[in-house]
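Here are the chains, one letter per residue:
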Amino acid sequence: MSSTGFGEGEQPSADGSARRGLGGSPRPRSIGSASARARLRRLTPRRSASAPPHPAPPLPAPPADPRLGGVRGAPSAPYPGGPGADQRARAGERPEGSLFDVVKVAIAILDTSGRVVLWSPAAEELLGWPSELLVGRRIEELMEDQDLVLRVKAAIQETLRTGRWHGWTQLRHRDDGEVPVEARISLLVDGDGTPFLQVALAEAATLQAVEHDLAVRDALFEQSPLGIVILDTDLRYTAVNRTMAEMNGLPPEEHVGRTTGETLPERAADEITAIQRQVLATGEPVVDVTLASPVTARSGFRSISYSRMTDRAGRVLGISGTVMDVTERYRAVAKVEHARRRLSLLNEFGSRIGDLLDAGRVAQELATAVVPRLADYAAVILLQAVAHGDDLPRHGHDRRTSLLQLGTAAVQDSPEVEVMLRRGARITFAEDSAFGRVLRTGVPELLSNPEELSDLTYPGDPKVQAGHDLGVHSRLVVPLRARGIVIGLLAISRAGYREGFDRDDLAFTVELADRAGSSLDNARLYARERTAALTLQRTLLPQQVPQPAGVEVAYRYVPGSSGTEVGGDWFDVIPLPDGRTALVVGDVMGHGLRAAATMGRLRTAVRTLAGLDLPPEILLRHVHELADDLAQGPDEALLATCVYAVFDPSTRRLVAAKAGHIPPVLIVPKEPAEEPVRTGSPLLGGVGQVLDLPSGAPLGVGGVPFESIELDIPEGSLLALCTDGLVESRDKDLDVGLGRLLTVLEQPYPSIQQACEAVLDTMEQGREPDDVALLLARLGRGQSGTPTAGWTLPAEPTAVSRARRLVRGALTDWGVEHLTDTAELLVSELVTNSVRYASAPIGVRLTLGDTLLVEISDPLPDPPRERHAAEADEGGRGLELVRRLALRWGARAEGMGKVVWFELDPMDDHLG
């Protein structure tokens, strides 16, 4: 920009007289005559040699696509704000809020000597001088600096020579001192060839501010790293910066006048155009909407923002938009989200297998977790030792290693999937295959090319061919490790159009496999311990349950589920003298090997004490007194429950007591049996009741005495003893479980064995996963036709000879004469003891079954005590003879007295 400016000072007038400065007298002569005004109307600008003769015509808009009914991407109807402005402009209305309201341009006409010919109202407003004070005066009179006067003369000369000039200067305001202005001078010629000078004046400060804003706009527009677009109300580009042009892959000039639909692929353009229409119609901006980039020179992801543009008067001009390439940001966010999903999968998988102690279930959960989120097909292959709870191998793996495919998952089912992922299949592999290498080295492998994929197991493996038929193109084979030993493999595959695995997928799968390996090893250790506990428990339980005369027994034992350890439940059937039978069911609190061992000790103690023929309440008291010796350890007290019942088929009496245990259940037939119940006959059903036994404290607790009850049992009644695992549940009372047991047992069944199965089939599904012991006993009479004889003798010395005589006669009648001598000898010794110490009648009873049972009863409660007699003693050898000659012998309390009994074997001929 030139720095030449106007000057000031007096200049001669046209008539040769001198003119004074502004405000002086005489008043300047007006040149606003009709002839002057006519000449001014004929003024035309003089064009320089470089100026174009005519302005360039505007570019025509591109033709519309007739198939679309208009230009694709344009709004369906013109926005009301736009056309209104054009109509007002055509009507001659002054636009409101235009640039001319910001930058006021003042026009003055000068002659070639610098004299004011015309002073516009805008000039009056800019400098405060009215036209009547300036017309006819020289412009230099508005300048106080002489240098400016000289420069204005030079500017006039340059304009006369070149046709134009522009620069800045300072003009004196009428009231406020000097005003810096920018001036543009143009040479005009009227119709007569008279030259005039047109001076356009504008306030310099305002122009500089506008120019600064335009410079900032240009810098932001052209140098911005963001793509910037300007669209009119028809949604046609009016301007795009170079960044936006590069994003779209088209030069800027090919955007102008076109819509988005004409510059971008149709699918991408339709989505963007919908957003543009929404912003134009509603005025609501759209900020940071992420879209996939169109297939252009720069593909990826873009963030677009649009807002509606209005001028100072509120007229809608169109919309502006910024477009930012957010591919890296999107991929970073996607990577973070990908990592979050992977972490979520790890946490979810960990929670799903955290409480699983079954290797098969853990394997299936692992396969299910990775399909379809990580792979299309998955197989979990384990060593047979892991599946069965055996010890881990101490040597390396080779082709003889036994592998089982225990976990499988697939995105679809098909015959090929069945071939490739058959659950429970035994896996065979070559040592140099991918399976063999990973098992041997523990290093995971990523298989991607056809040669690697075919080398999975062994040549010709149908599973490999099935994977090829399914379109598998990428596999991961990852070791499952525990304690530094490879215990199996995780093989996952991707097929179809899904991307192949990469190193990140491999690292994540290794982490997942490591977590699964720990759980699988825990399941193996648990299975091993549980197997040992079950083996111990089964060893300690009855190996053969007897079927005594008058009692038909059925039983079931169900170990706890895989989610818990075995418990200390047990049952027993103990034959007693005199044809009686003891039925026992108990439960040691706790689980595992120690509970099973304690159960074995407790069962042994009960069985040993039962051999002494003690009443139930006395037996439980003795077991309780042994609690400290039977406990699991010195710091742990014994805590167990038990129910003990003794049934005598000859009298059909039941004596029972319990120590904190679930009460027994008795099912009585609806009608009395006319004949003895035969073993194996159907159960006819009946009416059930829960036996109301005195509770008693659990063994090891004490403080509550044990008591027993005696019941007369009808022929064919069914007695049920069980542990709490059968009838207890988390959310229901014990009475509910006992009621369900009664309902089941009251029904008829073809056999007592099927009654057992029916009880187990109706167990509560929500019950605690505890062991279950069930013992059913159908109570009847003794064996049909069993010879029995009994007598009551007075407590006199003659009772001994009479007892011998009666015994001899009975044995002769039964055809076992060879037992007579021994039986007479032993009966005489026992009756002699009773006669010596008792004063009430003495009872003698004989029963011939599998053995000859001889029972001597008296009212004295104290049991006899065996002692060793010296050679010189005349007595004291009676019980010693009984011990030596009898098969078994013993004593038991009965009523207020006692019974001393012994058995002889009828098959032992040497006794005769």
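Calculation rules
- Residues numbered from 1 in each chain as written.
- Predicted model: local features only at pLDDT ≥ 70, side-chain atom pairs only at ≥ 80, totals over all residues.
- Heavy atoms only, no water.
- Helix = DSSP H or I, 4+ residues; strand = E, 2+ residues; numbered from the N terminus.
- Contact = heavy atoms within 4.5 Å.
- Areas by Shrake-Rupley, 256 points an atom, 1.4 Å probe, with all protein chains shown as cover.
- 1 Å grid on protein atoms, 1.4 Å probe; cavity = no way out; pocket = protein on both sides within 12 Å on 5 of 7 lines; lining within 4 Å.
- Points joined across faces, edges and corners; volume = space filled by probe spheres on them.
- Nonpolar A, V, L, I, M, F, W, Y, C, P; charged D, E, K, R; others polar.
- Axes fitted to C-alpha atoms, helices over the stretch in contact; angles between N-to-C directions.
- Parallel < 35°, antiparallel > 145°, perpendicular 65-115°, else oblique.
- Left-handed = near helix turned anticlockwise from the far one by under 90°.
- Pairing = 2+ DSSP bridges.
- Salt bridge = Lys/Arg side-chain N within 4 Å of Asp/Glu carboxyl O.
- Buried < 20%, exposed > 50% of the residue type's maximum accessible area, 1.4 Å probe, protein only.
- pLDDT = per-residue confidence, 0-100.

A few points about the overall build of the protein
What the protein contains, in helices and strands, is 24 helices and 32 strands. Put simply, of all contacts in the protein between residues at least 6 apart along the chain, 66% involve residues at least 24 apart. With the model as given, the accessible surface of the protein reaches about 45700 Å², and the carbon-plus-sulfur share is 52%.

A closer look at empty space enclosed by the protein
In total, this model carries three cavities of 30 Å³ or more according to the counting rule given. Taken as a whole, the largest cavity encloses approximately 150 Å³ of empty space. Taken together, 17 residues form the lining of the largest cavity, with Q405, M420, F435, L456 and R475 sitting closest to its centre. Elements supplying a minimum of two residues to the lining of the largest cavity: β12 (377-383), α15 (462-469) and β17 (485-495). With four residues, the single largest contributor to the lining of the largest cavity is β12. For the lining of the largest cavity, a count of residues per class yields eleven nonpolar, three polar and three charged. The calculated volume of the second largest cavity comes to roughly 80 Å³. As for the second largest cavity, its lining consists of V229, Y237, M244, N248, T260, L264, I272, Q276, R302, I304, Y306 and V323. Of all elements in the fold, only α7 (242-248), α8 (266-282) and β10 (301-310) reach the threshold of two or more residues within the lining of the second largest cavity. The element that contributes the greatest number of residues to the lining of the second largest cavity is β10, accounting for three residues. For the lining of the second largest cavity, the class distribution of residues is eight nonpolar, three polar and one charged.

So, the packing of helix α22 (residues 798-814) against helix α23 (residues 820-837)
Packed helices, taken two at a time, are described by the angle between their axes plus the distance between the axes. Interaxial distance between α22 and α23 falls to 9 Å at its minimum, and their mutual angle equals 150°. With respect to each other, α22 and α23 are oriented roughly antiparallel. With respect to the hand of their crossing, α22 and α23 are arranged in right-handed fashion. Touching A799, V800, A803, R804, V807, R808 and L811 of α22 are T820, A823, E824, V827, S828, V831, T832 and V835, all from α23. Per-class residue counts for the contact of α22 with α23 are nine nonpolar, three polar and three charged.

A closer look at the sheet that holds strand β7 (residues 227-231)
Backbone hydrogen bonds hold the strands of a sheet together, and the pairing may be parallel or antiparallel. If you trace the five strands from one edge of the open sheet to the other, you get β8-β7-β11-β10-β9, paired in antiparallel fashion. At either end of the open sheet lies a strand with only one pairing partner, and these are β8 (237-240) and β9 (286-292). For this sheet the average axis-to-axis angle between neighbouring strands, irrespective of direction, equals 25°. Across nine bridges, β10 lies against strand β11 (residues 316-325) in antiparallel orientation. Within β11, the position partnered with R308 by the bridge is I319.

Details of the sheet that holds β17
Spatially, β14-β13-β12-β17-β16-β15 is the arrangement adopted by the six strands of the open sheet, whose pairing is antiparallel. Because the sheet does not close on itself, it has two edges, and the strands there are β14 (426-427) and β15 (445-447). Taken together, the six bridges between β12 and β17 define a ladder with antiparallel strand orientation. Among the inter-strand pairings, Y377 is bridged to a residue of β17, identified as S493.

Focus on the pattern of salt bridges
In the structure shown here, the tally under the stated rule is 36 salt bridges. For the salt bridge of E144 with R172, the shortest nitrogen-to-oxygen distance reads 3.5 Å. Here E144 is found in the loop between α4 (131-134) and α5 (146-162), whereas its partner R172 is found in strand β4 (residues 164-173), with 28 residues between them in sequence. Accessibility expressed as a relative area gives 49% for E144, which makes it partly exposed. The class for R172 is partly exposed, based on a relative accessible area of 21%. For the salt bridge of D288 with R329, the shortest nitrogen-to-oxygen distance reads 3.3 Å. A residue pair is termed long-range when its members are at least 10 positions apart, and D288 in strand β9 and R329 in helix α9 (residues 327-353) qualify at 41 residues. Relative accessible area serves as the criterion here: at 38%, R329 is assigned to the partly exposed category. Overlapping salt bridges bring together E348, R352, E365 and R373 as one network.

Points about the confidence of the model for the protein
With 83% of its residues at a pLDDT of at least 70, the protein reaches an overall mean of 80. Of the regions scoring below 50 in pLDDT, residues 44-91 engages in 56 contacts with residues more than four places distant in sequence or in other chains.

Overview of the packing of α9 against helix α10 (residues 359-370)
Put simply, α9 and α10 touch, their axes get as near as 10 Å, and they point 160° apart. Comparing the axis directions of α9 and α10 gives the class roughly antiparallel. When you trace α9 past α10, the crossing you get is right-handed. Contact residues: α9 offers L345, F349, R352 and I353, while α10 offers V362, E365, L366, T368 and A369. Of the residues belonging to the contact of α9 with α10, the class tally is six nonpolar, one polar and two charged.

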